[in-house]
Amino acid sequence: MSSPETGPADDLPLVAPQLRALRRRSALTLEAAARSAGLSPAHLSRLETGQRQPSLPMLLSLARIYGTTVSELLGETVADRDAVVRAADMEPTAAGGWTYRQAGAPGRGMQALRLHVPFGSQGDIVRLHPGEEWLYVLTGRLRLRLGDTTHRLAPGDSAHFDSLTPHRIAALDQDGVELLFVHTLLQSPTAALCLGATPGEMP
């Protein structure tokens, strides 16, 4: 798989055109969208042309900015809104070192995912945005940083928090961590988001 920083997004071929189309549908300039996502216009431009592959946190952030879902960013169409999602239909998608499966119907006000976070992956990404998040650890151990407090979660542990609290997650085990993740989707293209490392801190 291409890294988030180099090479074309071969694993996600539909993301680039969708990113551009959804940004334009939201009536946002490249500069305005990049500023909201905490990216440089050049970086967002490379995502829109397929020269870089977005990480999952970045896809979640851009989805919120454009008032849509990760499913739509990936070019997935909604045939109907079935209440049940079968395990066989949960196709894995790789993004920025993470592997995730849709665990809920797309196009809803909440999005449910099953995530695998590898050890040492995305531990320096701090997120801040309107909404709520809930996660439940299935296997492995998770480090959850909420503001200035660090929590260590084991299988069976869960967390429910306001997404305006600066937060980041990291796997504590070499085999990574598997978790269920649910977040609200705000249908506002002007939602303020923040991505990036916290200066002087280790994940």
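Check the entry above for the structure.
1. What to know about the pattern of salt bridges
No. 1: Counted under the stated rule, the structure contains five salt bridges.
No. 2: Of the charged contacts, one joins Arg64 and Glu133 as a salt bridge, the two residues approaching to 3.7 Å between their closest N and O atoms. Pair noted here: Arg64 is in helix α4 (residues 56-65) and Glu133 is in strand β5 (residues 132-139), with a separation of 69 residues, a long-range link.
No. 3: Exposure remark for Arg64: the relative accessible area of 1% places this residue in the buried category.
No. 4: A salt bridge links Asp173 to Arg141; its shortest N-O distance comes to 2.8 Å. Of this pair, Asp173 sits in the loop between β9 (167-171) and β10 (177-184) while Arg141 sits in the loop between β5 and β6 (142-146), and the two are 32 residues apart along the sequence.
No. 5: Several salt bridges converge on common partners, so that one network encompasses Arg20, Arg23 and Glu48.

2. Describing the pairing of strand β8 (residues 158-162)
No. 1: Alternating positions in β8 separate cleanly, Ala159 and Phe161 being buried on one face and Ser158, His160 and Asp162 remaining unburied on the opposite face.
No. 2: Relative to β8, β5 is paired through five bridges, and the arrangement is antiparallel. Bridging from a neighbouring strand, Glu132 pairs with Asp162 of β8.

3. Some points on helix α3 (residues 41-48)
No. 1: Of the residues making up α3, those classed as buried are His43, Leu44, Leu47 and Glu48. On an axial view of α3, the arc spanned by its buried residues comes to 140°, and they lie on one face.
No. 2: Just downstream of α3, Gly50 is the residue with a positive phi angle, here 80°.

Reading guide: rules and limits
Residues numbered from 1 in each chain as written. Predicted model: local features only at pLDDT ≥ 70, side-chain atom pairs only at ≥ 80, totals over all residues. Heavy atoms only, no water. Salt bridge = Lys/Arg side-chain N within 4 Å of Asp/Glu carboxyl O. Helix = DSSP H or I, 4+ residues; strand = E, 2+ residues; numbered from the N terminus. Buried < 20%, exposed > 50% of the residue type's maximum accessible area, 1.4 Å probe, protein only. Pairing = 2+ DSSP bridges. Arc of directions from axis to C-beta.

On their own, these measurements won't tell you what the molecule is for.
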